[in-house]
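Tertiary structure, described
Chain residues, written in single-letter form:
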Amino acid sequence: MKHPLTIIALISFLLGSWWTASQPRATAHCQMPCGIYDDPARIAGLKEDALTIRKAITTMMELNHDHEDHPDHDAHALLHFNQATRWVMTKEQHAQNIQDVASAYFLTQRVKAVPAGDPGYDTYVSQLAAFHRVMVAAMTCKQTADLASVDELDAAIAVVSQWY
């Protein structure tokens, strides 16, 4: 077998993708008209999820550079590959949670539609755009392993937190 690490990487990716897809999705809040809202807690959760994504990317970067000079390179590389895979899945889970909270809690329950021309319409449009930015930034964090994507996510969350 010429490239065992490539095959292991493919299998790990497929299993990781299946595992991530099979996990129950976080729900931000009930979708009943209960009227129980804790906006500061939801914002704190978004910030915590973003911090976890930052930790995942930072750790993956460290793992990528740590095993190159190890005497038992292959075994060490596999261990790091396993750990990096777990961090990727964690990163995905927390980015998805941010998207779920932004859509199921804020956009559907807290951001109230205002018709064009009515007072508050500009704020409504600003809130829609700001939460869209959060969701796109979370998506970008899924797609990359770049700290700049987390910087953008942090900035987007800072914008929406001003309303809550």
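Placed above this text is the structure.
Bear in mind the structure is a predicted one, so any value in this text is a computation, not a measurement. (Residues numbered from 1 in each chain as written. Predicted model: local features only at pLDDT ≥ 70, side-chain atom pairs only at ≥ 80, totals over all residues. Heavy atoms only, no water.)

**Observations regarding the packing of aromatic side chains**
Each aromatic ring pair is described using two quantities: the centre-to-centre distance and the angle formed by the ring planes. On inspection of all chains with the given rule, the structure shows six aromatic pairs. For the pair Y105 and F106, a centre-to-centre distance of 4.8 Å together with 90° between the ring planes defines the contact as edge-to-face. Y105 gets classed as buried once you look at its relative accessible area, which sits at 0%. Its relative accessible area of 0% is what places F106 among the buried residues. Ring centres of F106 and F131 lie 4.9 Å apart, and the angle between their planes is 20°; on these two criteria the pair is classed as stacked. Placement of the pair is F106 in helix α3 (residues 73-110) and F131 in helix α4 (residues 121-143), with a sequence separation of 25 residues. What links up through ring pairs into an aromatic cluster is the set Y37, Y105, F106, F131 and Y164. The ring of Y105 has R42 sitting right over it, with the charged end atom 4.9 Å from the ring centre. When the ring centre of Y37 is taken as origin, the NZ or CZ atom of R110, which lies over that ring, is 4.1 Å away. (Phe/Tyr/Trp six-rings, centres within 6.5 Å; stacked < 30°, edge-to-face > 60°. Buried < 20%, exposed > 50% of the residue type's maximum accessible area, 1.4 Å probe, protein only. Helix = DSSP H or I, 4+ residues; strand = E, 2+ residues; numbered from the N terminus. Lys NZ or Arg CZ within 6 Å of the ring centre and 35° of its normal.)

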